Each structure stands twice: as C-alpha cells, then as structure tokens.
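The primary structure of each chain is shown beneath.
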Amino acid sequence: MKLRHALSAALLAAAGLAAPVAVAPAAHADTLICDQYGSTTIGGRYVVMNNRWGSSAQQCINVTGSGFRIQTQQGSTSGGAPLSYPAIYIGCHYANCSPGTNLPRQLSRIGSAPSSISYSYAGGVFDAAYDIWLDPTPKTNGVNQMEIMIWFNHTGNVQPVGGRVGTTSVGGRSWEVWQGNNGGNDVVSYVAPSAISGWSFNVMDFVNDVDNRTRVDRSWYLTSIQAGFEPWSGGVGLAVNSFSASVN
C-alpha cells in the first residue's frame, strides 16, 4: 500500500513492498476502519485508506463524510520508516482506483490540478504529508518512480528522505527542498518552515518545480494525489478534516 510512500520520511526504505487492498463498503455515516489495509470511499470520488504498512500494532481510523481521524494508534518506533500512512486520495494506489478518476493522466494533458486540504494536529511524532505520485507509464499498481511530498507539518526528530538541497518558493510559499531515494523510488520533499493547517493550491505548481529539477518530463503520468499522516508514535486525534482535488 503506502509502503512505497512511507519511505518518504525516513532514512529507511521499506516502502517498496505492497499488500492486497481490502475494500470496505462505501462510507455514509462515520465508518471505523481497523483492518491493516482497509479502505472505503467517500463523496463518490475519494478513497480513504488505513494503510498500516509498517507495524503489526493496531491502528484505527474514523472515516467521516469529508476526511478521517486517527482514533487508535498502538504502534511506536524510534527511527527509520514510519508506522503507516493513513490517507485520502484520488487516482490509483496499488490497483485501488478512486471512483470515476481520470488518473493516470499524462502531464502534457493536464492544465491544472486544484486542491484544498484542512488538517487538525495532535500529539505524537509524525509528519503531515501530501503526496503526489508520478511515473513514466500510466501505472495503476505497484511503486511509482517519483514521489513528491509536501510536509505541511512535522514533529520530533524526523526528516525527509535524502538531504536538503536548498529552498524555493512554490504557490507563494517558501519551502525547504529535500531530494533522495528510498530504495524503491525517487523522492522530492517540500518542507514548510512552520505548520500549515489548511491551504488551497495548484498541484501542478509542485509538479512543474520537480520537472525542472529531475528527470521527470511532460511525457510522465500523474497517477494519484494523496493527503494523510506518517506517524512514528502517538497520533491519536490527527485528522484530515477535508480534502478535495481534481485534474483538469
């Protein structure tokens, strides 16, 4: 599942491993998901996944009509890769595609990708990670070759994969930029200097910056847009209050 993604915030790269996706019925009222790779759909267009790929300890998320909240998190690790990546997304993630998605889509055929996110933060060691996945093929399963991470917040002694390569401005905000490889895919991370709880922006602004920095070009495909958390310990109460994304 997010294994590929989880690598994104550690020195470790356990992320290339995937497991079958368990799909729960579509959520209407709040839905509690404790299955390791359990997921459900909301709003007729988004998938919410528990994605506890890095731990055998229980994690449960409460899925609402617009997002989710971590309700139980019993795992803990002091370093390396995080425990999980509970997230909401559009597109395709390990063959689990969101309803009616137009992803994967070639970058040259995308005009804009407006998105909005609202987070609530709580205790623990974690990063609030917004993921953008790219691949040279229209891949719907397995590990993509490029992961763009936007770190809206992080606590404790955690850092993105690779090393810091400088700073930049994207979407009218300043970011630290990190680049590296987690053993399964390349990662470019944009780290906010202070916590951001909500923002509306164009995903393509980050894709274009990565296009200028790496081997990614307009022939590549956008395969999914995701927002969630990577916890190392704690995290109960962390929430994606709302999420929206579309690809035009």
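Quick look at the structure, then. (Residues numbered from 1 in each chain as written. Predicted model: local features only at pLDDT ≥ 70, side-chain atom pairs only at ≥ 80, totals over all residues. Heavy atoms only, no water.)

## With respect to the nonpolar core
Link 1 in the chain: Within the largest apolar cluster, 50 residues are counted, with the highest numbers of intra-cluster contacts made by Tyr130, Ile132, Leu134, Phe152, Phe206 and Phe243.
Link 2 in the chain: Ignoring anything within four residues of it in the chain, the contact list for Phe243 reads Tyr46, Ser66, Ile88, Tyr89, Ile90, Ser115, Ser116, Ile117, Tyr130, Ile225 and Ala227.
Link 3 in the chain: The next biggest cluster of nonpolar side chains, apart from the first, holds 17 residues, and it includes Tyr89, Ala129, Val158 and Trp178. (Core = buried A, V, L, I, M, F, W, Y, C linked by side-chain atoms within 4.5 Å. Buried < 20%, exposed > 50% of the residue type's maximum accessible area, 1.4 Å probe, protein only. Contact = heavy atoms within 4.5 Å.)

## Topic: unusual backbone geometry
Link 1 in the chain: The residue after Leu103, namely Pro104, is reached through a cis peptide bond having omega 0°.
Link 2 in the chain: With respect to the helices and strands, the residue Pro104 is situated in the loop between β8 (96-97) and β9 (105-106).
Link 3 in the chain: Phi angles above zero are rare outside glycine, and Tyr94 is one such case at about 50°.
Link 4 in the chain: Relative to the elements of secondary structure, Tyr94 occurs in the loop between β7 (87-93) and β8.
Link 5 in the chain: We classify Tyr94 as buried; its relative accessible area is 8%.
Link 6 in the chain: Although it is not a glycine, Ala95 sits at a positive phi angle of roughly 70°.
Link 7 in the chain: Along the chain, Ala95 falls in the loop between β7 and β8. (Helix = DSSP H or I, 4+ residues; strand = E, 2+ residues; numbered from the N terminus.)

## As for the packing of aromatic side chains
Link 1 in the chain: Tallied over the entire structure, the rule returns 18 aromatic pairs.
Link 2 in the chain: Both rings, one in Tyr46 and one in Phe243, keep their centres 5.4 Å apart while their planes meet at 75°; by these two values the pair is edge-to-face. Placement of the pair is Tyr46 in strand β4 (residues 46-49) and Phe243 in strand β18 (residues 239-245), with a sequence separation of 197 residues.
Link 3 in the chain: On the basis of relative accessibility, which here comes to 6%, the residue Phe243 falls in the buried class.
Link 4 in the chain: A ring pair is formed by Trp175 and Phe206, whose centres lie 5.5 Å apart and whose planes are at 75°; its orientation type is edge-to-face. One end of the pair, Trp175, is in strand β14 (residues 173-181); the other, Phe206, is in helix α2 (residues 203-213), with 31 residues separating them in the sequence.
Link 5 in the chain: Note on Phe206: relative accessible area 0%, which makes it buried.
Link 6 in the chain: Looking at Arg173, its charged tip hangs above the ring of Trp199, at a distance of 4.9 Å from the centre. (Phe/Tyr/Trp six-rings, centres within 6.5 Å; stacked < 30°, edge-to-face > 60°. Lys NZ or Arg CZ within 6 Å of the ring centre and 35° of its normal.)

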